[in-house]
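Chain by chain, the residues:
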Amino acid sequence: MPLNPRKILGIILDESASIEERCDGYKEEFFDVMTEIIDYERKNLAQGTNIQQKINDKCNAAGDFLARERGQAKTSEEVVR
């Protein structure tokens with residue numbers, strides 16, 4: 001059964017409204033990350049490419065956003081080193 005992208009985004013929007021606001025803009029960032037990952041997956045089904053690195057990059061960027069907004073000095077790149 002094919003997935004309905006509009007329905008999926010509606011569910012994500014509803015669920016993201018109930019997550020904890022860890023910093024200003026957190027819910028919006030979360031929603032943006034989730035919608036982009038779903039978009040990557042939709043495009044991946046059409047193209048047959050590996051999207052794992054794109055998802056990793058997007059999650060790392062969201063982690064960096066959260067760290068910056070919560071006043072932590074280290075980014076995901078600094079933690080890896």
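Quick note: structure is the one above.
What you see is a predicted model; the values in this text were computed from it and never measured.

Draft legend 1. Just the overall build of the protein, in detail. Helices and strands together make up the secondary structure of the protein, namely four helices and zero strands. Along its sequence from the N terminus, the protein presents helices and strands in the succession α-α-α-α. When contacts within the protein are restricted to residue pairs at least 6 apart in sequence, those whose partners lie at least 24 apart make up 40%. Summed over its atoms, the accessible surface of the protein is roughly 6,400 Å², and 52% of this surface lies on carbon and sulfur atoms.

Draft legend 2. Quick look at helix 3 (residues 52–69). Between its terminal C-alpha atoms helix 3 stretches 26 Å, which fits the 26 Å expected from 18 residues at 1.5 Å a residue. Where helix 3 terminates, the next one or two residues include Gly-71, which has phi positive at roughly 85 degrees.

Draft legend 3. Examining the pattern of salt bridges more closely. Throughout the structure, instances matching the rule amount to one salt bridge. The partner of Lys-58 in a salt bridge is Glu-36, and the shortest N-O contact between them spans 3.3 Å. With Lys-58 in helix 3 and Glu-36 in helix 2 (residues 26–47), this pair connects stretches of sequence that are 22 residues apart.

Draft legend 4. Broad picture of the nonpolar core. Listed in full, the six residues of the largest apolar core are Val-33, Ile-37, Tyr-40, Ile-51, Ile-55 and Ala-62. Of all the secondary-structure elements, those providing two or more residues to this core are helix 2 and helix 3. Per-element accounting of this core gives the leading share, three residues, to helix 2. Once residues lying within four places of it in the same chain are set aside, the contact partners of Ala-62 are Glu-29 and Val-33.

Calculation notes
Residues numbered from 1 in each chain as written. Predicted model: local features only at pLDDT ≥ 70, side-chain atom pairs only at ≥ 80, totals over all residues. Heavy atoms only, no water. Helix = DSSP H or I, 4+ residues; strand = E, 2+ residues; numbered from the N terminus. Contact = heavy atoms within 4.5 Å. Areas by Shrake-Rupley, 256 points an atom, 1.4 Å probe, with all protein chains shown as cover. Expected span 1.5 Å × (residues − 1). Salt bridge = Lys/Arg side-chain N within 4 Å of Asp/Glu carboxyl O. Core = buried A, V, L, I, M, F, W, Y, C linked by side-chain atoms within 4.5 Å. Buried < 20%, exposed > 50% of the residue type's maximum accessible area, 1.4 Å probe, protein only.

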